[in-house]
Amino acid sequence: MGELGERLRAAREEKGLTLEEVAEATRMPLNYLQALENEELARFTSELHARGFLRNYASFLDLDVQETIATYEAVRTAGSRRKAPLPLPAPAQGKPPARRSFLATDLLLGLVAVAILGLGVFAAYVRNNHVEPTPTVGPPPTPTATPLPVYTGTSYEMDVYLDYPAHALDVKQRIDYTNPTSQTLSNLMLNIHANHFKNTFKLNDIRVDVDGEWERPETAPLDVTLRLELPAPLKPGEHVALMLDYSLKLPSISPDSEFIRGSFGYSKRAISLGNWYPVMAPYREQEDKGWYGQTYFEIGDPYVTEIADYRVSITTTQGVILAGTGVETHAGNHWVYDAKQVRSFALAASDQYMVSTANVAGVNLHSYYFPSNEEAGKVALDTAGKAMELFTELYGPYPYANYRIAETEFAGGMEFSGMTFLGSAFYDAYDGTSRTPLIPLTAHEVSHQWFYGLVGNDQIVEPWLDEAPAEYSGFLYYERYLPDDVDWWWFYAVDQWAPAGKIDQILYLFRNNREYMDAVYRRGARFMRDLREVMGDPAFFGFLGEYQRRHAFRLARSRDFFTLVQEYTTADLMPLQEEYFRQRILP
Ligand SMILES: [Zn+2]
């Protein structure tokens, strides 16, 4: 540690504060505070980012901000930046609030699993499959260590009253946002996906914290977005808090609904809450496009969200069972979910749910189903457990302690972090055999925990980037566990549709679900099959694991996918590009 770190630590200790207490008081991430005190400045995403945090911390400690920044500059130019890994969230010290240590435990369990499992995955795959490395490929790239979560500095705290019979919610929501960009922001943007539906979302109040006073900002709604002007510019690394008060009156879901209309609303036996809360729009700094406001679209998943922390506290009607993202604590009709570093928070509710649980690969699996579908509910649990094991082996460790599947009444499946909604139609159709749609759908959805959850993508501009690997993961499940049924899988999932279309089309250009699924899912699965064929198994699976490690907790792009493919193969990929892609992605 050098002069800067010592100065910060001494000033903090003089105030008698632990790092945890500072994190609590300033709402600055503990990891960043530790990085500043340890002078691990390379851990910040940019110089401005580091400086923004340092300025805040110095000011909180009553240090001379200019002088501290000058010391920082000296440290930086002396080239003493260290590339030590981002410090783990420290185990809670002293007596922090109970929920903090609870969160830390959950994340630590995940991280330990990551550390243990991360590096052996590719080796294990090769071993299990007795394949030799392809001789035409140069030395395979050394897999990077599984990265720790990139703390985005965004957290959501919701206090929810869910009136189950009335299909209505009252919500108070706090958003803590730390400017992750290198630009000063004069406004913020929220995507309010509930505004896809008329007369559903009602904003009662919105406030922004200005030096401890909650002031009402100027706002401009447009389509599903809400832009709000900040009373003062938000510099890189600076933090701001918002407080929202809103009500939701849920739309009804019909059993044949898909996608948007199937994953948000109420049906006879359940309430589905997917993409239901105002969420910070991603800021597209690299593309120089600013806030990513999203718009209504009936087909596919027109949502792009970034990693954040959630703490959701729900009071609901007596007798209602909830299923949500994260670690659950529950007493009577009060439920709390803590979810750290997830892409979305989803919730299903029913006064009829039965629950089966299992523990597979250190993950607690929970299957929620209606009493008439008990057998299928257990098959969903069993399938999810096997899929979790397979994809942990192929793609890397699942980073959370819990995964839930909830039967809801619609005609599809929908993925969220740590959570999947599966439509009743698939349970009703369960016929006791392995050639039944419930199994491929469950495998597809579990794989979204990697392709969507861990490595996110722009599901509007490049929906193929999660759906093609997810659909092909259904095949990988059959190849591993039900090899006699792989021909059935190809017919059921792909060939019976005689699919057409380029897989990299933007979501908004599809005219109906059939066109979208033919191109993105079905041709997407064929593309993954052909890519594997061209690369050979060691390179293909090495690439998939490394793709997860390298882009975990981020939004990846098509070019990231292909850049990495080219690190794993020297094969000619142009024929594949011409066959499946509209745009030229390869350099
Ligand atoms: Zn999918």
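Structure: above.
Residues numbered from 1 in each chain as written. Predicted model: local features only at pLDDT ≥ 70, side-chain atom pairs only at ≥ 80, totals over all residues. Heavy atoms only, no water.

A. Spatial organisation of the overall build of the protein. Along the backbone of the protein there are 17 helices and 25 strands. In the protein, which comprises 587 residues, the proportion classed as buried is 57%. Restricting to contacts in the protein with at least 6 residues of sequence separation, those with at least 24 account for 70%. (Helix = DSSP H or I, 4+ residues; strand = E, 2+ residues; numbered from the N terminus. Buried < 20%, exposed > 50% of the residue type's maximum accessible area, 1.4 Å probe, protein only. Contact = heavy atoms within 4.5 Å.)

B. Inspection of unusual backbone geometry at higher detail. Although it is not a glycine, Asp-62 adopts a positive phi angle of roughly 60°. Structurally, Asp-62 can be placed in the loop between helix 4 (47-60) and helix 5 (65-77). Backbone geometry places Asp-211, a non-glycine residue, at a positive phi of 50°. Among the structural elements, Asp-211 can be located in the loop between strand 4 (201-210) and strand 5 (213-215). Asp-211 gets classed as exposed once you look at its relative accessible area, which sits at 78%.

C. Inspection of the packing of helix 14 (residues 513-535) against helix 16 (residues 558-568) at higher detail. It is the contact of helix 14 with helix 16, at a shortest axis distance of 11 Å, that shows an interaxial angle of 25°. As summarised for this structure, helix 14 and helix 16 are arranged roughly parallel, according to the angle between their axes. Considering how the two elements wind past one another, helix 14 and helix 16 form a crossing that is right-handed. Mapping the contact onto sequence places Phe-527, Met-528, Leu-531 and Met-535 in helix 14 and Phe-561, Phe-562, Val-565 and Tyr-568 in helix 16. Here the contact of helix 14 with helix 16 is built from residues that sort into 8 nonpolar, no polar and no charged. (Axes fitted to C-alpha atoms, helices over the stretch in contact; angles between N-to-C directions. Parallel < 35°, antiparallel > 145°, perpendicular 65-115°, else oblique. Left-handed = near helix turned anticlockwise from the far one by under 90°. Nonpolar A, V, L, I, M, F, W, Y, C, P; charged D, E, K, R; others polar.)

D. Region of interest: the sheet that holds strand 11 (residues 279-280). The antiparallel open sheet is built from 4 strands, whose spatial order is 6-7-3-11. In this open sheet, the two edge strands, each paired with only one partner strand, are strand 6 (219-222) and strand 11. With 4 bridges connecting them, strand 6 and strand 7 (residues 225-234) associate as antiparallel partners. Following the sheet pairing, Leu-222 is matched in strand 7 by Thr-225. (Pairing = 2+ DSSP bridges.)

E. How the structure looks around the sheet that holds strand 9 (residues 264-266). The antiparallel open sheet is built from 4 strands, whose spatial order is 9-10-18-15. If you trace the sheet from one side to the other, it starts and ends with strand 9 and strand 15 (321-324), each paired once. Taking the axes of each pair of neighbouring strands and ignoring which way they run, one obtains an average angle of 15° across the sheet. In terms of strand pairing, strand 10 (residues 271-273) meets strand 18 (residues 347-350) through 3 bridges, oriented antiparallel. The residue bridging Ser-272 from the neighbouring strand is Ala-348, located in strand 18.

F. Summary view of helix 1 (residues 3-14). A rise of 1.5 Å per residue sets the reference length of helix 1, with its 12 residues, at 16 Å; its end C-alpha atoms lie 16 Å apart and thus fit the reference within 8%. Here helix 1 has its buried residues at Leu-4, Gly-5, Leu-8, Ala-11 and Arg-12. For helix 1, the angular spread of the buried residues around the axis is 135°, confining them to a single face. Opposite the packed face of helix 1, turned more than 90 degrees from it, sit the exposed residues Glu-3, Glu-13 and Glu-14. Directly after helix 1, the chain includes Gly-16, whose backbone phi takes a positive value near 70°. (Expected span 1.5 Å × (residues − 1). Arc of directions from axis to C-beta.)

G. Here's a closer look at the packing of aromatic side chains. Scanning the model with the defined rule gives 49 aromatic pairs in all. Relative to Tyr-310, the ring of Tyr-156 lies with its centre 4.7 Å away and its plane at 10°, an arrangement referred to as stacked. Placement of Tyr-156 in strand 1 (residues 155-163) and of Tyr-310 in strand 14 (residues 308-316) is noted, with a sequence separation of 154 residues between them. Judged by relative accessible area, which is 2%, Tyr-310 ranks as buried. Between the aromatic rings of Phe-201 and Tyr-246, the centroid separation amounts to 5.1 Å while the plane-to-plane angle is 35°, which identifies the pairing as tilted. Of the two residues, Phe-201 sits in strand 4 while Tyr-246 sits in strand 8 (residues 239-249), which places them 45 residues apart along the sequence. Each member of the pair Phe-201 and Tyr-246 is classed as buried. We note Arg-529 situated over the ring of Trp-490; from NZ or CZ to the ring centre the distance is 5.2 Å. (Phe/Tyr/Trp six-rings, centres within 6.5 Å; stacked < 30°, edge-to-face > 60°. Lys NZ or Arg CZ within 6 Å of the ring centre and 35° of its normal.)

H. Just the coordination of the zinc ion, in detail. Around the zinc ion, the protein contributes the donor atoms His-444 (NE2), His-448 (NE2), Glu-467 (OE) and Glu-467 (OE), at 2.0 to 2.8 Å from the metal centre. Of note is the zinc ion, whose 4 donor atoms meet at the metal with angles of 51 to 148° in an arrangement that counts as irregular. Classification of Glu-467 as buried rests on a relative accessible area of 1%. (Donors = N, O, S within 2.8 Å, 3.2 Å for Na, K, Ca; no water. Tetrahedral: all angles 85-135°; square planar, octahedral: opposite > 155°, others 65-115°.)

I. Structural context of the side chain of Ser-313. Locating Ser-313 in the fold gives a position in strand 14. Engagement of the side chain of Ser-313 in a polar contact is seen with the side chain of His-334, the distance being 3.4 Å. Sequence-distant contacts of Ser-313, defined by excluding residues within four places in its chain, comprise Met-158, Asp-159, Val-160, His-334, Trp-335 and Val-336. (Polar contact = N/O pair within 3.5 Å; in protein donor to acceptor, adjacent residues only side chain to side chain.)

J. Looking closely at the pairing of strand 17 (residues 334-342). Most of strand 17 sits out of view: 8 of its 9 residues are buried. In this structure, strand 14 lies alongside strand 17, joined through 7 bridges in antiparallel fashion. By the bridge assignment for strand 17, Ser-313 is matched with Val-336. Here strand 16 (residues 327-331) pairs with strand 17 via 5 bridges, running antiparallel. For Glu-328, the partnering residue across the bridge sits in strand 17 and is Tyr-337. Following strand 16, the chain reverses through 2 residues before pairing antiparallel with strand 17; Gly-332 in that reversal takes a positive phi of roughly 60°.

K. The pattern of salt bridges, seen in detail. Within this structure, the stated rule accounts for 29 salt bridges. Taking the shortest distance from any N to any O, the salt bridge between Glu-37 and Arg-9 comes out at 3.0 Å. Highlighted residues: Glu-37 in helix 3 (residues 30-37) and Arg-9 in helix 1, separated in sequence by 28 residues. In this structure, the salt-bridge partner of Asp-495 is Arg-526, at a minimum N-O distance of 2.9 Å. Of this pair, Asp-495 sits in the loop between helix 13 (486-493) and helix 14 while Arg-526 is found in helix 14, placing the two residues 31 residues apart along the sequence. (Salt bridge = Lys/Arg side-chain N within 4 Å of Asp/Glu carboxyl O.)

L. The arrangement of the nonpolar core in detail. Counting 154 residues, the largest nonpolar core has Leu-188, Trp-276, Tyr-310, Phe-527 and Phe-561 as the members making the most contacts within it. Broken down by element, this core gets its largest block of residues, 11 residues, from helix 9 (residues 374-395). Of all hydrophobic cores here, the second largest spans 16 residues; its members include Leu-8, Leu-41, Leu-54 and Tyr-57. (Core = buried A, V, L, I, M, F, W, Y, C linked by side-chain atoms within 4.5 Å.)

M. Molecular detail of the side chain of Asn-179. Structurally, Asn-179 is set in the loop between strand 2 (168-178) and strand 3 (185-191). Since its relative accessible area comes to 0%, Asn-179 is described here as buried. There is a polar contact of 2.7 Å between the side chain of Asn-179 and the side chain of Thr-181. Engagement of the side chain of Asn-179 in a polar contact is seen with the backbone oxygen of Lys-235, the distance being 3.4 Å.

These results come straight from atomic positions and should not be treated as a statement about function.
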